[in-house]
Amino acid sequence: MANQFQRVNSGFNRMGPSSGPTRIKKKPGFLQSIVGVLVGIVLVLGSPFAMWAAGSQNTAKDFAKAEAVDATSSASGYIVVRGAPSYATADGGSACFLNQCITETKSNQTLTTSNELICRQTVQNTETQRVIGRNGEECDADTGECVPCWDVEKDTWEELSSTTLNYDVKVGAYTVEVTDNAILIDTKEQIVEEDFDYDGKAIERTVYTSFIMPSQLLAAGQSDGSTISTSAKRVFVLSNLDREATLLELKAQDRANKFALWGVAFFMLFIGFAMMFGPLEWLGRFAGKIPGIGPMLREGSKGMIAGISFLLALVLWIIEWFFISILQNVWLAAGAILIIAGVAYWMSKRKK
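Summary of the structure given here.

Conventions and cut-offs
Residues numbered from 1 in each chain as written. Predicted model: local features only at pLDDT ≥ 70, side-chain atom pairs only at ≥ 80, totals over all residues. Heavy atoms only, no water. Helix = DSSP H or I, 4+ residues; strand = E, 2+ residues; numbered from the N terminus. Buried < 20%, exposed > 50% of the residue type's maximum accessible area, 1.4 Å probe, protein only. Contact = heavy atoms within 4.5 Å. Areas by Shrake-Rupley, 256 points an atom, 1.4 Å probe, with all protein chains shown as cover. Patch = residues over 30% accessible without salt bridge, like charges linked within 9 Å, V, L, I, M, F, W, Y side chains within 5 Å. Salt bridge = Lys/Arg side-chain N within 4 Å of Asp/Glu carboxyl O. Phe/Tyr/Trp six-rings, centres within 6.5 Å; stacked < 30°, edge-to-face > 60°. Lys NZ or Arg CZ within 6 Å of the ring centre and 35° of its normal. Pairing = 2+ DSSP bridges. 1 Å grid on protein atoms, 1.4 Å probe; cavity = no way out; pocket = protein on both sides within 12 Å on 5 of 7 lines; lining within 4 Å. Points joined across faces, edges and corners; volume = space filled by probe spheres on them. Nonpolar A, V, L, I, M, F, W, Y, C, P; charged D, E, K, R; others polar.

### Some words on the overall build of the chain
Item 1. Broken down by element type, the chain carries 6 helices and 16 strands.
Item 2. Counting all 352 residues of the chain, 34% fall into the buried class.
Item 3. Across the chain, contacts joining residues at least 24 apart in sequence account for 75% of those joining residues at least 6 apart.
Item 4. Entry remark: accessible area of the chain is about 20600 Å², with carbon and sulfur atoms responsible for 60%.

### Details of a nonpolar patch on the surface
Item 1. Judged by side-chain polarity, Val 315, Ile 319, Trp 321, Phe 322 and Phe 323 come together as a nonpolar surface patch covering roughly 490 Å² of accessible area.
Item 2. Among the secondary structure elements, Trp 321 is positioned in helix α5 (residues 294-328).
Item 3. The class for Trp 321 is partly exposed, based on a relative accessible area of 37%.

### Description of the packing of aromatic side chains
Item 1. A full pass over the atoms with the stated rule returns 6 aromatic pairs.
Item 2. Consider the rings of Tyr 87 and Tyr 167, whose centres lie 5.9 Å apart with planes at 75°: the pair is edge-to-face. In this pair, Tyr 87 is assigned in strand β5 (residues 85-87) and Tyr 167 in the loop between β8 (145-166) and β9 (169-171), connecting sequence segments 80 residues apart. Each member of the pair, Tyr 87 as well as Tyr 167, is classed as buried.
Item 3. Here Trp 262 and Trp 317 contribute two aromatic rings whose centre-to-centre distance is 5.9 Å and whose plane-to-plane angle is 80°, an arrangement assigned as edge-to-face. Remark: Trp 317 occurs in helix α5 and Trp 262 occurs in helix α3 (residues 243-276); sequence separation between them is 55 residues.
Item 4. Here the aromatic cluster, defined as three or more aromatic residues joined through ring pairs, consists of Phe 259, Trp 262 and Trp 317.
Item 5. Seen from the ring of Trp 150, Arg 134 lies directly overhead, with NZ or CZ sitting 5.7 Å from the centre.

### With respect to the pattern of salt bridges
Item 1. Evaluated as defined, the whole model comprises 6 salt bridges.
Item 2. The residue Arg 130 makes a salt bridge to Glu 153 at a minimum N-O spacing of 3.0 Å. One end of the pair, Arg 130, is in strand β7 (residues 129-140); the other, Glu 153, is in strand β8, and 23 residues separate them in sequence.
Item 3. Using a relative accessible area of 25% as the deciding quantity, one classes Arg 130 as partly exposed.
Item 4. Accessibility expressed as a relative area gives 24% for Glu 153, which makes it partly exposed.
Item 5. Here Lys 201 ties to Asp 155 by a salt bridge, and the two come within 3.3 Å at their closest N and O atoms.

### Remarks on the pairing of strand β4 (residues 76-83)
Item 1. Most of β4 sits inside the fold, with 6 of its 8 residues counted as buried.
Item 2. Two strands pair when backbone bridges link them, and strand β3 (residues 67-68) and β4 are joined in this way by 2 bridges, in the parallel orientation. Residue Glu 67 lies in a different strand from β4, and its bridge partner there is Ile 79.
Item 3. Taken together, the 8 bridges between β4 and strand β14 (residues 217-224) define a ladder with antiparallel strand orientation. Bridging across to β14, Tyr 78 finds its partner in Gln 222.

### Considerations on the layout of surface pockets
Over the atoms rolls a probe the size of a water molecule, and its path tells where empty space is left.
Item 1. Estimated volume of the second largest pocket: approximately 460 Å³.
Item 2. Along its surface, the second largest pocket is lined by 21 residues, and Gly 55, Asn 58, Lys 61, Lys 258 and Gln 328 are the ones closest to its centre.
Item 3. Of all the elements in the fold, those that place two or more residues in the lining of the second largest pocket are α1 (30-55), α2 (59-64), α3, α5 and α6 (330-351).
Item 4. Among the elements that make up the lining of the second largest pocket, the one with the highest residue count is α3 (5 residues).
Item 5. Its residues assigned to classes, the lining of the second largest pocket shows 9 nonpolar, 7 polar and 5 charged.

### Examining unusual backbone geometry
Item 1. At Gln 100, a residue that is not glycine, the phi angle is positive and equals roughly 65°.
Item 2. Looking at where Gln 100 falls in the secondary structure, it is placed in the loop between β5 and β6 (101-119).

### Quick notes on the side chain of Thr 59
Item 1. Looking at where Thr 59 falls in the secondary structure, it is placed in helix α2.
Item 2. On the basis of relative accessibility, which here comes to 19%, the residue Thr 59 falls in the buried class.
Item 3. The residues contacting Thr 59, other than those within four sequence positions of it, are Ile 183, Val 235, Leu 250 and Asp 254.

None of the figures reported here should be taken as evidence of function without further support.
In structure tokens, the structure reads:
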């Protein structure tokens with residue numbers, strides 16, 4: 001029996017409610033749901049890696065272990081110095097776009113425009129997105145509800161090439177060997193538009209990201225007594241702030257990265273469990289064709305899957321966080337082993 005489609009008019013409708021074709025939004029079939037189960041299992045099994053990465057955001061802890069030494073000393077090991085910098089060579093900074101750069105990345109970019117079909121009630125014009133016009137509608141195969149579709153142009157900047165300049169600098173008695181993997185605190189960005197279309201819109205540009213030589217440079221890295229360079233085990237930091245302010249900035253970066261990765265881990269668990277329950281959703285959609293109670297069964301299956309997936313994701317996320325936090329902390333791990341050994345010993349004595 002044919003579906004009775006219910007049209008939902010949009011607030012942004014240039015070409016009328018019935019302009020263009022009617023598309024049917026098909027849901028995954030049974031075989032597709034089975035494939036989704038396998039993908040869901042991969043996501044759930046992969047979530048501990050994101051959780052482990054979240055717990056490994058330790059740049060601030062590494063930096064805090066650096067030994068603070070005077071710029072005129074000749075200390076070796078993982079150190080941090082601060083002093084007035086100067087270029088180590090006569091041609092230092094000669095190729096910088098922004099004057100007095102220590103390191104600078106030049107990114108050549110071109111504007112690409114793509115056409116997309118977006119089906120939802122409203123689509124807004126933005127700086128990088130333009131609505132061309134209405135193009136029919138999309139209707140849910142199960143409920144028959146329809147939303148309008150729009151032809152949309154989207155602009156994105158695509159990187160064509162990228163180059164980086166690094167200039168070694170002197171800080172007191174030390175030569176700081178600048179590398180691409182340095183953590184830079186307080187960079188400057190400048191965009192130079194180089195080519196334009198007939199409407200005056202930039203279509204070619206160069207983006208310069210520069211770390212400018214400050215009056216006082218802080219450098220943390222591995223020292224051999226005269227040269228500070230990147231370390232295989234510790235972070236290499238260049239900053240125009242003092243040590244306390246740099247530490248606070250690194251802590252803020254670690255915290256932001258940790259929260260983001262925690263969110264990724266939870267998202268992987270939630271989506272993974274929802275995909276693992278895909279066959280149940282398919283069954284609910286199939287039962288949704290039953291007259292009278294069908295819509296209730298269909299919507300109920302969706303809500304049940306979402307609720308169960310959320311609860312399972314939350315519980316497993318907490319379990320992963322707990323055990324990975326223990327594994328990544330030596331003292332917590334040692335304490336957990338002692339507690340487990342103590343409980344096992346007490347239980348064995350009690351049985352005897």
